[in-house]
Amino acid sequence: MKKLLISLLLIFCIGCTFTFLNETNINISAKSTKETIMIDAGHGGYDVGAESFYGDYEKDINLDIALLVGKQLKSYGYNVVYTRTSDSVSWPSNNKKDLQARCDLAKKKNVDLFVSIHLNSSEYEANGYEIYCDFNNKNTLKVSNSILKQLDQFDYSTNRGLLDTNETPLYVVKNNKVDAILIEAGFISDDSDLYYLKNHTKNIATAIAKGIKKSLN
Ligand SMILES: [Zn+2]
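Residues numbered from 1 in each chain as written. Predicted model: local features only at pLDDT ≥ 70, side-chain atom pairs only at ≥ 80, totals over all residues. Heavy atoms only, no water.

With respect to burial, strand β3 (residues 113–120) is a largely interior element, eight of its eight residues being buried. Here β3 shows two buried faces, one formed by L113, V115, I117 and L119 and the other by F114, S116, H118 and N120. (Buried < 20%, exposed > 50% of the residue type's maximum accessible area, 1.4 Å probe, protein only. Helix = DSSP H or I, 4+ residues; strand = E, 2+ residues; numbered from the N terminus.)

What follows is the structure in structure tokens.
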């Protein structure tokens, strides 16, 4: 009888320990849940975007930056999803369907932030970086300002500031169901910007990732 009681007590204790461990695991994983960020490399596939005087395509530089931003964010512990990770795209060769597909992906994956990466181009002399966001959205204003601050640290070009998508509606920002921003990282038409974009891509990506991290902390 005594043996039976001890055995039952032992089984009960083991059971309690497992329950405790399971609860501890749940708490740990809940605490380490970080935001999911979608990185959108602008253009791609049929759409080359802007083109430099030397034949560089905007879509390729956007992708290089985007992949490095994602890598950096992953190292900070964020969940990262991409709209594309190569030059092959999952949407039809149609501008409106293309942009809508990117917005749909953001909604489907239920991301916390959508970051679109692009380059500017001008037939006139112009350089610098700028970010489009909805000025009525405090979250995206904060993250955009934070990224600009980080880009400033590399001192590679002009800070052209923030632009309001209520004045200049951009499809992937205006039609997104999640918080969205669009970064123009520099002018592909400017020699100095282009040199930096191609040769110091990692710095630009680091600035974007750090800016996101600092604003979400
Ligand atoms: Zn573009």
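So that's the structure; there's more coming.
Tetrahedral metal sites with four donors have an ideal angle of 109.5 degrees; octahedral sites with six donors have ideal angles of 90 or 180 degrees. Coordination of the zinc ion by the protein is provided by H43 (NE2), E58 (OE) and H118 (ND1), with metal-donor distances spanning 2.1 to 2.2 Å. For the zinc ion, all donor residues lie on one chain, and their spacing in sequence is H-x14-E-x59-H. Of this pair, E58 sits in helix α2 (residues 58–75) while H118 is found in strand β3, placing the two residues 60 residues apart along the sequence. You'll find E58 and H118 in the same group, each marked buried. (Donors = N, O, S within 2.8 Å, 3.2 Å for Na, K, Ca; no water.)

Moving on: the environment of E51. Structurally, E51 is set in the loop between β1 (36–41) and α2. For E51, a relative accessible area of 45% puts it in the partly exposed group. As for E51 and L119, which are separated by 68 residues in sequence, their C-alpha atoms are 9.7 Å apart. If we skip the residues at most four places from it in the chain, E51 touches D56, Y57 and I188. (Contact = heavy atoms within 4.5 Å.)

The next point concerns the pattern of salt bridges. Applying the stated criterion to the full structure yields five salt bridges. For the salt bridge of K198 with D56, the shortest nitrogen-to-oxygen distance reads 2.7 Å. Here the residue K198 occupies a position in helix α6 (residues 191–199), and D56 occupies one in the loop between β1 and α2, the gap between them amounting to 142 residues. Of the residues examined, K198 reaches a relative accessible area of 44% and is grouped as partly exposed. A relative accessible area of 15% places D56 in the buried class. The partner of R102 in a salt bridge is D98, and the shortest N-O contact between them spans 2.8 Å. (Salt bridge = Lys/Arg side-chain N within 4 Å of Asp/Glu carboxyl O.)

Let us now look at the nonpolar core. With 39 residues, the main nonpolar core has I39, I65 and L73 as its most contacted residues. In contact with I39, other than residues within four places in its own chain, are A66, V69, G70, L73, V80, V81, Y82, T83, V115 and I117. Membership of the second largest hydrophobic core comes to 14 residues, among which are W91, L105, A106 and V172. (Core = buried A, V, L, I, M, F, W, Y, C linked by side-chain atoms within 4.5 Å.)

Here we come to unusual backbone geometry. We note that H43 has phi near 65 degrees; this positive angle belongs to a residue other than glycine. Mapped onto the fold, H43 is located in the loop between β1 and α2. The class of H43 is buried, set by a relative accessible area of 17%. The phi dihedral of D155 falls on the positive side, at around 50 degrees, and the residue is not glycine. Residue class for D155 comes out exposed when judged on its relative accessible area of 66%.

A few words now on the sheet that holds strand β2 (residues 79–82). Strand order in the open sheet made by the six strands is β2-β1-β3-β6-β4-β5, with mixed pairing throughout. Whereas interior strands pair on both sides, the edge strands pair on one side only; in this sheet they are β2 and β5 (159–164). Pairs of neighbouring strands in the sheet enclose a mean axial angle of 20 degrees, with direction left out of account. Bridge analysis of β1 against β2 gives four bridges, and the strand direction is parallel. Bridging from a neighbouring strand, I39 pairs with Y82 of β2. On the sheet, helix α4 (residues 138–152) packs against β3, β4 (129–133), β5 and β6 (180–187) and is oriented at approximately 175 degrees with respect to β4. (Pairing = 2+ DSSP bridges. Axes fitted to C-alpha atoms, helices over the stretch in contact; angles between N-to-C directions.)

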